[in-house]
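Residue-level structure breakdown
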Amino acid sequence: MKLVLFIATLCVSSVFSILSATEKKDISNYSNNRYPLLRKPYIELPLGSIKAKGWLQEMLERQRSGATSQMDILYPSVMGDRNGWLGGDGDQWERGPYWIDGLLPLAYLLDDGKLKEKVQPWIEWTLNSQREDGYFGPAKDYPHEPGLQRDNSADWWPRMVMLKVMQQYYSATNDPRVISFFTNYFKYQLQELPRKPLGNWTFWAEYRACDNLQAVYWLYNITGDRFLLELGELLHTQSYDFVDMFLNRDDLTRFNTIHCVNLAQGIKEPVIYYQQQPEKKYLDAVKKAFADIRHYNGQPQGMYGGDEGLHGNNPTQGSELCSAVELMYSLEKMVEITGDIDFADHLERVAFNALPTQITDDFMDKQYFQQANQVMITRHNHNFYEDHNHAGTDICYGLLTGYPCCASNMHQGWPKFTQNLWYSTPDNGLAALIYSPSEVTAKVGNNGHMVRITEETNYPMDDKCSFTIHIQDKKVKEVTFPFHFRVPAWCKEAIVTVNGKPEQSVKSGQVGIINRTWRNKDKVEITLPMEVQVSRWYENAIAVERGPLVYALKMQENWKKKSFAQEEISRYGESYYEVTSSTPWNYGILGFRPDEIQQHFKVIIDSEKQKAAYPWNTENAPILIKTKGKRIPHWQLYNEMTGPLPYSVGNSSAAVEEITLIPYGCTTLRISEFPLVR
């Protein structure tokens, strides 16, 4: 322990040495944190620098043709002209900003003129709404109207979402109006928060203050205005005390102690503030929180039982879609600030397992809650905290089924994931920290030469990633810069070649660096060998994993579209989908010794399906895992979901059968937590 602390002290000392050395002049190609904020190991690139390719591009295209591009048409009562963020008398709160928080990055990632035109009125109204004192946004409450949030227009919280929108807009356009807009608003906050603190109108702003705080640090890095550091301290002081919750209380071991989305957003607050106050306790608090969430509430797809309130680790407890996309954003910011690649591993687990299954293939309908073990999707009560509020629609697919916050907020998941695949580094290199087909165009090296790096891969459905360097200036023959890459914790050792020749091998859980002089079309190939592994969950059940993917029972899916009654349409939309199956589901996996795992699970890869543009459904799943199992006769349906999970290891007199598993993200119906049986 003393050695670890000594190394940590050296690292902190080194960081502050760098700070003092660079306070006068930052020689990085992209701006890092300004002194006295702690310098980041990774630096976000301007929006548009990273483009999706392959299957990830297909996800963005499906958003463009799906709900993301047309929420004003699909959900006009909230997203239409009456929205308060367009100056109307309709919804004044979070849902409009939520939508634009996903639509704007999608528009610029795709360089889509029509989508940019759809975004711009929201930007212009927001900029023009700013008063002389710095306040902006809706300023008038209206009487109750079903389906709208028309009160608390002055609440601090929805402005935090719009701050994220405006940051992205500036990143893409460098519109100078944004800087004065932020400056004036933050002066207003510094003056008003002592009189009207974050919790003055609702408690949401207290739990989500980190989204405000990160925007303050963002502006400080541009302007250097010292009052912003004072505001940062004030926001942290008024924020919910997550450090105390995570380190000193047992809240994460008990039910309903925190709202599930507040946890997904707020878990990054100690890390955001750590930039201003770099004390180890802030990082320790977050690491302990993730460990406790995993132990007491965790589910294999990277999420946790949280059907509004925190609700334990039973695989039938719902996990909210808003939680998934907000946790992804939190993990993206924490990777950037800490360089801790455990956060990158977790980000991939959520993105490649939880996110694809919770939104339909055409990106038109979503599940409010998903279940890790989910064998019927019907309109029924399911032992969720929200059962009594949404007429049994919580797991049915529909645009507005369950609660409409997720219909508004789901759009940010894939665009922000794309935006955070690559980072610049303080040594003027580039870092591939999250793997997906993509390309990045950015400045590198001490001379700031532009390069484009294309990443060709079928990851996470394949273990190989190929990177080709393209020097953009035709007059430049070679460029020297470091190329950083992550080796996930699940990979024992990465195999790396440059132009077909062995370069290095890098062990699990590390970031490798290739620092060399590159010529045009030099190629780096990284292989991340994937082996089947198992993890333990509720009632000692196992989940089967390979690489970043969790695997689940392959089941037949029968989708049935149903209509809502006339009196329900205004609340839930016109229709929804139920999904059922005649496939048996109550299987346990036959017990095995730890040294038998690779023999017990047979991996079958369809190389043609690996190349498919869209792998995320049962039909297109490119990887199968075959194993032996037995049905458990007493494990039956309860409330149209799987009944109490039998404890592992149990006995079953049923015959041994071969069962097929596919990637969790390709399933709609599934068992992902399996009892072991003899």
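Remember, it's a predicted structure, so these values are computed and weren't measured experimentally.

So, on to the overall build of the protein chain. Secondary structure assignment for the protein chain yields 22 helices and 27 strands. Since a compact globule built from 678 residues should have a radius of gyration of about 26 Å, the 25 Å found for the protein chain is in line with a globular shape. Overall, the C-alpha framework of the protein chain stretches about 75 × 70 × 50 Å when taken along its three principal axes. Here the protein chain holds 678 residues, and the buried ones make up 61% of them. Excluding contacts between residues fewer than 6 apart, the proportion of contacts in the protein chain whose partners are at least 24 apart in sequence is 71%. Counting every atom, the protein chain has about 25300 Å² of accessible surface; 49% of that belongs to carbon and sulfur. In the protein chain, 70 side chains carry a positive charge and 81 a negative one; their mean positions are 5 Å apart.

Glancing now at helix 6 (residues 113–128). Working note: α-helix, 3.6 residues per turn, so residues spaced by three or four point in the same direction. Taking 1.5 Å per residue as the helical rise, helix 6 with its 16 residues ought to reach 22 Å, and the 22 Å between its terminal C-alpha atoms agrees with that figure. Here helix 6 has its buried residues at L115, V119, W122, I123, T126 and L127. The secondary structure elements touched by the buried residues of helix 6 are helix 2 (54–65), helix 4 (76–79), helix 5 (95–109), helix 7 (156–173) and helix 8 (177–192).

Moving on: the sheet that holds strand 11 (residues 478–486). In a beta sheet, neighbouring strands pair by backbone hydrogen bonds and run either parallel or antiparallel. Strand order in the open sheet formed by four strands is 6-7-11-14, and the pairing between neighbours is mixed. Looking along the sheet, the strands with just one partner apiece sit at the ends: strand 6 (422–424) and strand 14 (511–519). Strand-to-strand, the axes of this sheet are offset by a mean angle of 25°, without reference to chain direction. Here strand 6 pairs with strand 7 (residues 430–432) via three bridges, running antiparallel. Residue pairing for strand 7: Y423 is matched across the bridge by A431.

A word on unusual backbone geometry. Across the junction of Y35 and P36, the peptide omega takes the value 10°, indicating a cis bond. The linkage connecting Y459 with the following residue, P460, adopts the cis geometry, with an omega of 10°. Note that P460 resides in the loop between strand 9 (449–457) and strand 10 (464–471). Located in the positive-phi region is N499, a residue other than glycine, with phi close to 55°. Its identity is not glycine, yet N639 carries a phi of approximately 55°, on the positive side. Along the polypeptide, N639 turns up in the loop between strand 24 (637–638) and strand 25 (641–642).

Before going further, it helps to examine the environment of Q214. The topology assignment puts Q214 in helix 10 (residues 209–223). On the basis of relative accessible area, Q214 is assigned to the buried category, the value being 6%. Placed 150 residues apart in sequence, Q214 and M364 show a C-alpha to C-alpha distance of 31 Å. Once residues lying within four places of it in the same chain are set aside, the contact partners of Q214 are K164, Q167, I272, Y329 and K333.

Applying the stated criterion to the full structure yields 43 salt bridges. In this structure, K53 and E439 form a salt bridge, with 3.9 Å as the shortest nitrogen-oxygen distance. Here K53, found in the loop between strand 1 (50–52) and helix 2, pairs with E439, found in strand 8 (residues 438–444); they are 386 residues apart in sequence, far enough to count as distant. Accessibility expressed as a relative area gives 38% for K53, which makes it partly exposed. Judged by its relative accessible area of 16%, E439 falls in the buried class. Here D89 makes a salt bridge to R82, at a shortest N to O gap of 2.8 Å. Shared partners join several salt bridges into a network, and the residues in it are D244, R249, D250, D251 and R254.

Take the environment of A351 next. Mapped onto the elements, A351 comes out in helix 17 (residues 341–357). Taking C-alpha positions, A351 is 8.0 Å from G413, a pair spaced 62 residues apart along the chain. With near-sequence residues (within four places) excluded, A351 lies in contact with M328, P356, W414 and F417.

Turning our attention to the sheet that holds strand 15 (residues 523–527). One open sheet accounts for seven strands, arranged 1-8-9-10-15-12-13; its pairing is antiparallel. Edge strands, defined here as strands with exactly one partner in the open sheet, are strand 1 and strand 13 (501–507). Across the sheet, the mean angle from the axis of one strand to that of its neighbour is 20°, orientation sign disregarded. The pairing of strand 12 (residues 493–498) with strand 13 spans six bridges and is classified as antiparallel. Its bridge partner being in strand 13, V496 is matched across the sheet by Q504.

Of the residues in the protein chain, 96% reach a pLDDT of 70 or more, and the chain-wide mean stands at 95. Low confidence marks residues 1–24, where pLDDT is under 50. Its contacts with residues over four positions away, or in another chain, come to 10 contacts.

Each pair of packed helices can be summarised by the angle the axes make with each other and by the distance between the axes. In the contact formed by helix 10 and helix 11 (residues 227–238), the axes pass within 9 Å of each other and the chain directions differ by 170°. Here helix 11 runs roughly antiparallel to helix 10, going by the angle between their axes. Side by side, helix 10 and helix 11 meet where A209, N212, L213, V216, Y217, L219, Y220 and T223 of the first sit next to L228, L229, L231, G232 and L235 of the second. Of the residues in the contact of helix 10 with helix 11, the class split is 10 nonpolar, three polar and no charged.

In the structure shown here, the tally under the stated rule is 48 aromatic pairs. The ring of Y329 has K164 sitting right over it, with the charged end atom 4.5 Å from the ring centre. Taking the ring centre of F343 as reference, the NZ or CZ of K287 above it sits at 5.2 Å.

Over its 18 residues, helix 16 (residues 321–338) runs 26 Å from end to end, which matches the ideal 26 Å to within 8%, given 1.5 Å per residue. In terms of burial, helix 16 is largely enclosed, as 17 of its 18 residues are buried.

Basis of the calculations
Residues numbered from 1 in each chain as written. Predicted model: local features only at pLDDT ≥ 70, side-chain atom pairs only at ≥ 80, totals over all residues. Heavy atoms only, no water. Helix = DSSP H or I, 4+ residues; strand = E, 2+ residues; numbered from the N terminus. Rg over C-alpha atoms; globule rule 2.2 N^0.38 Å. Buried < 20%, exposed > 50% of the residue type's maximum accessible area, 1.4 Å probe, protein only. Contact = heavy atoms within 4.5 Å. Areas by Shrake-Rupley, 256 points an atom, 1.4 Å probe, with all protein chains shown as cover. Lys, Arg positive; Asp, Glu negative; His and termini not counted. Charge placed at Lys NZ, Arg CZ, Asp CG, Glu CD. Expected span 1.5 Å × (residues − 1). Pairing = 2+ DSSP bridges. Axes fitted to C-alpha atoms, helices over the stretch in contact; angles between N-to-C directions. Salt bridge = Lys/Arg side-chain N within 4 Å of Asp/Glu carboxyl O. pLDDT = per-residue confidence, 0-100. Parallel < 35°, antiparallel > 145°, perpendicular 65-115°, else oblique. Nonpolar A, V, L, I, M, F, W, Y, C, P; charged D, E, K, R; others polar. Phe/Tyr/Trp six-rings, centres within 6.5 Å; stacked < 30°, edge-to-face > 60°. Lys NZ or Arg CZ within 6 Å of the ring centre and 35° of its normal.

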